[in-house]
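# Chains, contacts and geometry: an overview
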2 protein chains.
Amino acid sequence: MPNKLTYFFGGGTADGNIEMKNLLGGKGAGLAEMTNLGVPVPPGFTITTECCVDYYDGGRKWPKGLDADIKKSMKRLEKAMGRGFGSTKAPLLVSVRSGARASMPGMMDTILNLGLNDETVEGLARESRNPRFAYDSYRRFIQMYSDVVLDISKEKFEHALEQAKKKTGAKSDADLSAETLQKLVKTYKGLVKKHSRHSFPQDPWSQLEGAISAVFLSWNNQRAIDYRRIYNIPAAWGTAVNVQSMVFGNMGDDCATGVAFTRDPSTGENRFYGEYLLNAQGEDVVAGIRTPQPLTKADGGKKSLEAAMPKAYADLVKVYKSLEKQYRDMLDLEFTIQNGTLFMLQSRVGKRTGAAAVRIAVEMAESRLIDRKTAVMRVSPDQLDQLLHPTLDPKAKLDILAKGLPASPGAAAGRVVFNADDAVAWVENGEAVLLTRLETSPEDIHGMEVSKGILTARGGMTSHAAVVARGMGKACVAGCGDIEVDYARKCFTVDGRTVKEGDWITIDGGSGRVVTGKAPTVEPKLDKYFDKLMTWADSCRRLKVRTNADTPEDAVRARKFGAQGIGLCRTEHMFFAEDRLPIVRNMILNMKDKKVREKSLEKLLPMQRHDFLGIFAALEGLPVTIRLLDPPLHEFLPNFTEVTVELEDLRRKGKNKRKIAELESLQAKVQSLHELNPMLGHRGCRLGVTFPELYDMQVRAIMEAACELKRRKVKVQPEIMIPLVGTAEELVLTRRRAIAVAQDVQSKYGVKVKYLVGTMIEVPRAAVCADEIAEHADFFSFGTNDLTQMTFGYSRDDAFKFLPQYVADGILPIDPFISIDQTGVGKLMEMAVQKGRSIKPKLKCGICGEHGGEAASVEFCHTLGLDYVSCSPFRVPLARLAAAQAAVRESTAKVRGSAADTN
Amino acid sequence: MPNKLTYFFGGGTADGNIEMKNLLGGKGAGLAEMTNLGVPVPPGFTITTECCVDYYDGGRKWPKGLDADIKKSMKRLEKAMGRGFGSTKAPLLVSVRSGARASMPGMMDTILNLGLNDETVEGLARESRNPRFAYDSYRRFIQMYSDVVLDISKEKFEHALEQAKKKTGAKSDADLSAETLQKLVKTYKGLVKKHSRHSFPQDPWSQLEGAISAVFLSWNNQRAIDYRRIYNIPAAWGTAVNVQSMVFGNMGDDCATGVAFTRDPSTGENRFYGEYLLNAQGEDVVAGIRTPQPLTKADGGKKSLEAAMPKAYADLVKVYKSLEKQYRDMLDLEFTIQNGTLFMLQSRVGKRTGAAAVRIAVEMAESRLIDRKTAVMRVSPDQLDQLLHPTLDPKAKLDILAKGLPASPGAAAGRVVFNADDAVAWVENGEAVLLTRLETSPEDIHGMEVSKGILTARGGMTSHAAVVARGMGKACVAGCGDIEVDYARKCFTVDGRTVKEGDWITIDGGSGRVVTGKAPTVEPKLDKYFDKLMTWADSCRRLKVRTNADTPEDAVRARKFGAQGIGLCRTEHMFFAEDRLPIVRNMILNMKDKKVREKSLEKLLPMQRHDFLGIFAALEGLPVTIRLLDPPLHEFLPNFTEVTVELEDLRRKGKNKRKIAELESLQAKVQSLHELNPMLGHRGCRLGVTFPELYDMQVRAIMEAACELKRRKVKVQPEIMIPLVGTAEELVLTRRRAIAVAQDVQSKYGVKVKYLVGTMIEVPRAAVCADEIAEHADFFSFGTNDLTQMTFGYSRDDAFKFLPQYVADGILPIDPFISIDQTGVGKLMEMAVQKGRSIKPKLKCGICGEHGGEAASVEFCHTLGLDYVSCSPFRVPLARLAAAQAAVRESTAKVRGSAADTN
């Protein structure tokens, strides 16, 4: 451990600065920066994040030298404050707070007033001439310390506090007298003794040691782990620990504590905004025991800080203005006023809603505080995503039932139903429903269509439910393993609570939360700030953004969001339409009968042509990539167990021989088409090879639609895509037939249409053999869902059984179905692009997996040199922004690189 | 087409020679060689295989110039023979025969006596003064030509022939008079006119053109395609066509035709062996119309050729001896004797049984005709495989019902049963049974164990049935798609024929044939020749050969076959044992209950320890690689549909509430463990990560067994193998725990055991990230079954739906589950070895997939520089031989290379 372990701040200078966030955490770096800027900050020191990492690597032991270093820093602090740690005359009290690289509000632990014991409390009482304050501080300290360090639950102390209030008739904590508080301290110490079998520690140094270790440990409490999983914060970062001398907002009515934002974090409006409490400590604001007052007269009139303590308020305004100018961003500030004097306890870039992020970025750019590229960088793609969907009202109190995967953003409330038919029936009766399933299948589409949102117990971010919901722009929480669905009784249970059919629930597909009842939501608004930011983003990016769309409606919606074509039009969804499924089924059940097969395909041809006519027309000449039939045929047939049960039932009754025979044949067919691993089965171009007429029909429909429009002088750009190619020969074969059909159609229509025939790269072997394949492909489109499945050997429908734990345990940094695994899957993609372009240097390469709408993956695609990404309509703006940010980051890196070169 | 299209032979010299097999086919090269050696061969010429390839590439048109070239060659032939093609005085007749690079006996077409027409037949009759012979030749020609070129079925002509015999009271063809034959020719020509709507072609040139095209086309008849698929002959090779002047064995009683082998093709004994027919043409021998006589007095006494035509026989002996010396191999010869003069029509290396191949190779090496390395190269690994199993008696007449995949060699006869319990019951009653299933699962093991062989309708070469059968050394035909199994009625049907429970059938797992009744089989014998050859092989090879074995019995058997350790010991098979499955099930059904889990593992620990004690002891210090639990847990549970049906039934009856509740809970658990794609599901080290106690128990059992033996001074070399690793972190985690357990056990026993912890490379991502993984692995073992599944995206259990067609259509050169796909999967293996050894240069690498026992794959592993291959016990000799051949081939190539360098 050769590095510096602690960084001091105080007396106008600091060892650290705002650039050292990784080492000092956000809070520590902010305290150092403010100190350097001359802002009043109580002195203290920061224990680096490296110490925390070392703590875990070393089997939960302090790194060597940390103990000595802390002693040294405490000496310096005593000197700066003119007080003594453990002194009974002028006792030095400190706060011990966590502070990670990324803000994780409330997830880790904080201890205030450390240094108090039975003797120093007396000293504090004497010095402050305020025994009430001293004992109030002491009882707060015992309570916090016991909770955080000694693992004694808060409730036990709260209970004693309530009893004291009852006994003395006090309405609030502030009404308790010094004597009552003194007694309460005794009671508290008794509780500690009872539950920990040890007396409350009196030695300030052992208090400090315990508190620091507890903060280290809080990095891995369940809350923090969950938070990191949701926000993709690596477990390896660790947290810093800030030890800071206490200032007191609870010494009397010339004292206060509060939080402030330099702009409105909810709307982004450029106005000072915040809350404070008189005669209180920071935790009171958070705990919500008393209702805080607004800071400004505009918000709070006479009760505002501006009115109550004008001098301190004026100082605060001066500080916030200078800090915002320095940071060039909206800040979140914490302050304490002790006897009329302002102290800043924290300054950090403030969290904000998506809408606020956009407005702040645009307004700061327009006032030249930042440039446009910086503005584009200031809004995270996920925030933009938020903007496009209703969300749970952040102010609402929620009763959270369970948490699943945030599969498709948006908040939606509805009555629970358990199958698609019920969904339709309830909606026809004017009800709003939420379809809840173990998992969805293409047969549920009609139910999903009418539901406000979808909740599934199984499946991941790219499960059927998730993909379809995102396509529809509907809220979806998937893989919610906590709920146990009972179809038979039409209910689900979670932690002993039961939700029945017809009960209201609300889901938030942006966070994965499932909430009881009809929770209040907030509707999205796309304003002028949004438009401006997207224009700036488009001027930065190199990657094109297309959309995945299967219908003209989707296509039109996506174009409104800025899509530059269709990157994936799935034809199988068309096969599931109500008027077609019977034809498709009949064909599959009689696949070996050439006549039936041909007749079925004849019936499907005009329907498919009609689909493509609509889509081509909606795209007005932009490229449309159409994937030929991909899923295994049994997906179009009913479930084997259901058929078997029905059959057994009929047999038992012994009647209806014809129906029995029919079901027997159906059962046999379903069984013969049954696959143990359909994902690796008879699907994709394997269907096209074994039943070539199927692909012929689809190509014919595509080309007839294209020729028809060409005749009508409408521009078309069809791109025929062969799925699941693993060998060059598969492409040779299917492509040859496609070209033959295309030529036939063109000569019949007497027009020429420019079209391409390309392939998906989604089987690992295709990546490995991409050079051979490129010889026969007009384009490559990465199907990263399947590529991820096969490269990892994870079934996206089953991986929910271990993936969450893998991510939580750090085996994987992130769910690879959410963000491309750049180390493994990404290497294969890189190989495919290199090999493909070694044969055709300008080979068009895109991505049409769900990753095309995820920010990190979009950046990766930019880096690989792909031509476009494609994603569901509602993710198009996100992808545009992510593509712009990738380009900006790249150019910044280049500028830095060349600057380094000239040095 | 710049190359020479035809190669002439005759008059003591030939354009070609024996080295030109690829261009001239085996037959053509042999005819050229014999001509060059001065052996009497009727002159002729060979049309190259390139012409055939060109014929297909050009859309079934003759290559440019071929027509002219043939004309030129025919002129040369007329000159050499002093006869004229189409001449009525001395008509030149020719045979037109196929001849591919590899011998494909009887698969393609042959036409004799071409050049005959209504006029030349008269000329021939006059010239030979034998009208009977002339018309017999003509009617044969019409029949053959009509069958092969005009596609008129042979039966029509046979029928007319039979009628003629009846009418004239002739017993055999030879009894028919010239007049009758003349009439028959008329009838034949009438048949041709009727069925082809054209007269039989009279122009010899157009006859020749038709015959040559027909031979080209016969390369792609169904028989030939099937044969190529079975013997892995590429479709791209094409066939040569041999046009040769006719000599006649049917001109009278001083004429004969026959076939001979220079050594006994069945035993390998060094004795001349063959058969002949007096006054006959070659096809009569093949067709078996008359019974041929033996060649030698030793075999046939007075009826032998040696006795009947001593002069011609002496010539034949001289020729065969000189040819064998020249070819340095056992030969298959075809000859015709025309008016007492011997002509050789074919000489090629003869097909032989495995036993014969071994004996011939060893005896030839011992007599210094070839060296030992050559002897090692002379036996194909597949032939060796044959040696180790009983086979169908090649002399028996078989009624072939169907054909599936040759999944595990050996022939076995038994009564058909349709489930494992029935198998056990029948066997207990003293019956021999053949278990027939749609597919097998681990629950069928007890039935498989008692069955003589296994037949499945589904699944490929690495399906459960195939893998287990090979491990047991039992015959298995898998993926026999032609049979329709009806469990309910306990029967299967194929082509309208029904086989019921209890019926006898015989399967040949070496060829995939399913035969009715109890077909005669031949038992294997391992003789001194085998031992000698294997000793020579071992002295050549670099690759070590281990075995896949799960029991001490398997291990002992494999060591007898020469295994140098265990490369894969699957622990899951131990979990299926009858006394354990209930414990395992109970554990799985209560996985979340820590107590049940721990109790179950406690019960399993001594059982597993006992397993390993036995295996370690059997290996006596050789390395034993033990794979920790791999399959998804639901494999240990009953089938969902079956449980559901049983439950519905009970519910309907309404009684037995407790049983209903039990079944409900079982059903729910089975459903919750159900996976859509178990192959990509919660299995392998994913189980070890989520239920670490499972792997802990297994490691403990391994180390306790090892320590126990170490104490008893028995050497042990355990290698703990973590399956399905895809990320380095998975290995880090499981390895860390394994080492902790191992240390604990060692310190408890007070002994040190050298052990390794390594990983399988079977997930594509593991190959891509092999460098990261190698840092934490003591060894790599390629699981090429899974690697093939995931690299191609083929489920080995489902791929039978399209793979056969893929291979037949040439999309894949061979089933990648049989032989490693070197282009795709092999590239990933190469990458893994390189990356792994870039971190640890001496990293031990092996293969434990089923490919480890397949010759081409073994050679590939040798080339990759692996340390060992591992395969099922019965394949160990095969792998040893294949490894030796790979080494010999490599050294030969090096010698050639360095010779080229010095040139």
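Our structure's up above, just so we're on the same page.
A few points on the structure. (Residues numbered from 1 in each chain as written. Chains lettered and ligands numbered in written order. Predicted model: local features only at pLDDT ≥ 70, side-chain atom pairs only at ≥ 80, totals over all residues. Heavy atoms only, no water.)

### Examining the overall build of chain A
Definition in use: Helix and strand assignments follow DSSP, with helices taken as H or I runs no shorter than four residues and strands as E runs no shorter than two, numbered in order from the N terminus. Each radius of gyration is computed over the set of C-alpha atoms, and the globule rule expresses the reference value as 2.2 Å times the number of residues to the power 0.38. Relative accessibility thresholds used throughout: buried, under 20% of the residue-type maximum; exposed, over 50%; partly exposed, between the two (1.4 Å probe, protein chains only). Whether two residues are in contact is decided by their heavy atoms: any pair within 4.5 Å suffices. When charges are counted, neither His nor the chain ends are considered; positive counts come from Lys and Arg and negative counts from Asp and Glu. To locate a charge, take NZ of a lysine, CZ of an arginine, CG of an aspartate or CD of a glutamate.
What chain A contains, in helices and strands, is 36 helices and 32 strands. Whereas a compact globule of 903 residues would reach a radius of gyration of roughly 29 Å, chain A reaches 32 Å, a difference of no more than 12%. Across its three principal axes, chain A shows a C-alpha extent of roughly 100 × 80 × 55 Å. Sorting the 903 residues of chain A into buried and exposed places 58% on the buried side. Here the analysis covers contacts within chain A between residues at least 6 apart in sequence; of these, 69% occur between residues at least 24 apart. In chain A, 126 positive and 112 negative side-chain charges are present, and the distance between their average locations comes to 2 Å.

### Examining the relation of the copies chain B and chain A
Just so we agree on the cut-off: Only residues with pLDDT of at least 70 in both copies contribute their C-alpha atoms to the least-squares superposition of the copies.
Overlaying chain B on chain A yields an RMSD of 0.3 Å, the required transformation being a rotation through 179° with an accompanying axial translation of 0.1 Å. A rotation of that kind, with that shift, is consistent with a two-fold axis. Relative to the rotation axis, the closest C-alpha in chain B is found at B:Asn677, a distance of 2.2 Å. Most of the interface of chain B is mirrored in chain A, where 100% of its interface residues again form contacts.

### Points about unusual backbone geometry
Glycine aside, a negative phi is what most residues show, and trans is what most peptide bonds show. All names here are of chain A. Positive phi, close to 60°, is recorded for Arg 197, a residue that is not glycine. Examined against the element boundaries, Arg 197 turns out to sit in the loop between helix 7 (178-196) and helix 8 (204-218). Phi at Asn 279 takes a positive value of approximately 45°, unusual for a residue other than glycine. By secondary structure assignment, the location of Asn 279 is in the loop between strand 8 (273-278) and helix 10 (282-287). For Asn 279, a relative accessible area of 25% puts it in the partly exposed group.

### Quick notes on the state of the cysteines
A covalent bond between the sulfur atoms of two cysteines is referred to as a disulfide. Put simply, the test is: Two cysteine sulfurs form a disulfide in these notes if their separation is within 2.5 Å.
Counted by the stated rule, this structure contains zero disulfides over all chains. Note on A:Cys707: no disulfide assigned, nearest cysteine sulfur contributed by A:Cys569 at a separation of 17 Å.

### So, the pairing of strand 31 (residues 844-847) of chain B
Residue and element names in this part refer to chain B. This is how the line gets drawn: Strand pairing requires that DSSP identify at least two bridges connecting the strands. Orienting the strands away from the viewer, one traces the path from the first strand over the helix to the second; a clockwise path indicates a right-handed crossover.
Pairing between strand 30 (residues 779-782) and strand 31: four bridges, direction parallel. Residue pairing for strand 31: Ser 781 is matched across the bridge by Gly 846. Where strand 31 and strand 32 (residues 868-871) come together, two bridges link them in parallel fashion. When the bridges of strand 32 are listed, Gly 846 appears paired with Tyr 868. Between the parallel elements strand 31 and strand 32, the chain passes through helix 35 (residues 855-864) in a crossover that is right-handed.

### Focus: the pairing of strand 1 (residues 6-10) of chain A
All names here are of chain A. The element strand 1 is extensively covered by neighbouring structure, given that five of its five residues are classed as buried. Where strand 1 lies against strand 3 (residues 44-47), four bridges are found, and the strand directions are antiparallel. Within the sheet, the bridge partner assigned to Thr 6 lies in strand 3 and is Ile 47. For strand 1 and strand 2 (residues 13-14), the ladder comprises two bridges, and the chain directions are antiparallel. Paired with Phe 9 across the bridge in strand 2 is Ala 14. Where strand 1 folds back on strand 2, the antiparallel hairpin that results is connected by two residues, among which Gly 11 adopts a positive phi of roughly 65°.

### Here's the deal with the environment of B:Pro265
Residues and elements named next belong to chain B. Within the element layout of this structure, Pro 265 appears in the loop between strand 7 (256-261) and strand 8 (273-278). The class of Pro 265 is buried, set by a relative accessible area of 13%. For the pair Pro 265 and Gly 354, spaced 89 residues apart in the sequence, the C-alpha separation amounts to 9.3 Å. Setting aside residues no more than four positions away along its own chain, Pro 265 makes contact with Tyr 273, Met 330, Lys 351, Arg 352, Thr 353 and Ala 356.

### A word on the nonpolar core
Rules: Only buried residues count toward a nonpolar core. Its members are Ala, Val, Leu, Ile, Met, Phe, Trp, Tyr and Cys residues joined through side-chain atoms within 4.5 Å.
In terms of nonpolar packing, the biggest core is built from 295 residues, with A:Phe616 and B:Phe616 touching the most fellow members. Excluding its chain neighbours within four sequence positions, the residues that come into contact with A:Phe616 are A:Gly621, A:Val624, A:Ile626, A:Ile702, A:Ala705, A:Ala706, A:Leu709, A:Val716 and A:Pro718.

### Side note on the sheet that holds strand 19 (residues 484-486) of chain A
Residue and element names in this part refer to chain A. Selection criterion: Helix axes use the C-alpha atoms of the stretch in contact, all axes being lines fitted to C-alpha atoms, and the angles between their N-to-C directions lie in the range 0 to 180 degrees.
If you trace the three strands from one edge of the open sheet to the other, you get 19-20-21, paired in antiparallel fashion. Each edge of the sheet is formed by a strand with only one pairing partner; in this case those strands are strand 19 and strand 21 (497-500). Pairwise comparison of adjacent strand axes, ignoring direction, gives a mean angle of 20° for this sheet. Here strand 20 (residues 491-494) pairs with strand 21 via four bridges, running antiparallel.

### Re helix 3 (residues 66-81) of chain A
Residue and element names in this part refer to chain A. Worth spelling out the cut-off: Multiply 1.5 Å by the residue count of a helix minus one, and that product is the helix's expected span.
The end-to-end C-alpha distance of helix 3, which contains 16 residues, comes to 22 Å, matching closely the 22 Å that a straight helix rising 1.5 Å per residue would cover. Turning to helix 3, its buried residues number three or more, namely Leu 66, Asp 69, Ile 70, Ser 73, Met 74, Leu 77 and Glu 78. Those residues of helix 3 that are buried are in contact with strand 1, strand 3, helix 2 (49-57), strand 4 (94-100), helix 8 and strand 6 (239-245). Positive phi appears at Gly 82, one or two residues downstream of helix 3, with a value of about 65°.

### Considering the interface of chain B and chain A
Here is the rule: Joining two parts hides part of their accessible area as seen by a 1.4 Å probe, and the buried area is that hidden amount summed over both. For this analysis, a salt bridge means a side-chain nitrogen from Lys or Arg found within 4 Å of a carboxyl oxygen belonging to Asp or Glu.
Residue-level contacts link 58 residues of chain B with 58 residues of chain A. Across the interface of chain B and chain A, roughly 5100 Å² is buried in total on both sides, 59% from carbon and sulfur atoms. Taken as a group, B:Leu680, B:Arg765 and B:Lys801 account for 13% of the area that chain B buries against chain A, more than any other trio of residues on that side. The interface formed by chain B and chain A includes four salt bridges. Here A:Asp821 makes a salt bridge to B:Arg765, at a shortest N to O gap of 2.6 Å.

### A closer look at the pattern of salt bridges
Residue and element names in this part refer to chain A. Per the counting criterion, the structure on display carries 118 salt bridges over all chains. Notably, a salt bridge pairs Asp 385 with Arg 875, separated by 3.4 Å at the nearest N-O pair. Here the residue Asp 385 occupies a position in helix 16 (residues 381-387), and Arg 875 occupies one in the loop between strand 32 (868-871) and helix 36 (876-902), the gap between them amounting to 490 residues. Pair check on accessibility: Asp 385 and Arg 875 agree, each one buried. Where Lys 844 meets Glu 719, a salt bridge forms, and the shortest distance between an N and an O atom there is 2.6 Å. Of this pair, Lys 844 sits in strand 31 (residues 844-847) while Glu 719 is found in strand 28 (residues 717-722), placing the two residues 125 residues apart along the sequence. On the basis of relative accessibility, which here comes to 23%, the residue Lys 844 falls in the partly exposed class.

### Brief notes about the packing of aromatic side chains
All names here are of chain A. The condition that has to hold: Two rings from Phe, Tyr or Trp (for Trp, the six-membered ring) form a pair when their centres sit within 6.5 Å of each other. Planes less than 30 degrees apart are called stacked, planes more than 60 degrees apart edge-to-face, and all others tilted.
Per the counting criterion, the structure on display carries 38 aromatic pairs over all chains. When the centroid spacing of 4.0 Å and the interplanar angle of 0° are considered together, the rings of Phe 272 and Tyr 320 count as stacked. In this pair, Phe 272 is assigned in the loop between strand 7 (256-261) and strand 8 and Tyr 320 in helix 13 (residues 310-327), connecting sequence segments 48 residues apart. Residue class for Phe 272 comes out buried when judged on its relative accessible area of 7%.

### Some words on the sheet that holds strand 27 (residues 623-627) of chain A
Residues and elements named next belong to chain A. Read around the barrel, eight strands follow the order 25-26-27-28-29-30-31-32 and close on themselves; strand pairing throughout is parallel. Averaged over all pairs of adjacent strands, the angle between their axes in this sheet comes to 30°, without regard to strand direction. Bridge analysis of strand 25 (residues 544-548) against strand 26 (residues 566-570) gives two bridges, and the strand direction is parallel. Across the sheet, the residue bridging to Thr 547 is Ile 566, located in strand 26. Sitting on the sheet, helix 29 (residues 728-749) touches strand 28 and strand 29 (756-761), and the angle it makes with strand 29 is about 150°.

### Notes on helix 6 (residues 154-168) of chain A
Residue and element names in this part refer to chain A. Put simply, the test is: Read the arc as the range of directions from the helix axis to the C-beta atoms.
Here helix 6 spans 21 Å end to end across 15 residues, near enough to the 21 Å set by a 1.5 Å rise per residue. Among the residues making up helix 6, those that are buried are Phe 157, Ala 160, Leu 161, Ala 164 and Lys 165. Across the axial projection of helix 6, the buried residues extend over an arc of 140°, all falling on one side. Turned more than 90 degrees away from the buried face of helix 6 sit Glu 155, Lys 166 and Lys 167, all of them exposed. Looking at the buried side of helix 6, the elements it contacts are helix 5 (131-148) and helix 7. At the exit of helix 6 stands Gly 169, carrying a positive phi of roughly 70°.

Treat this as a map of the structure, not an account of what it does.
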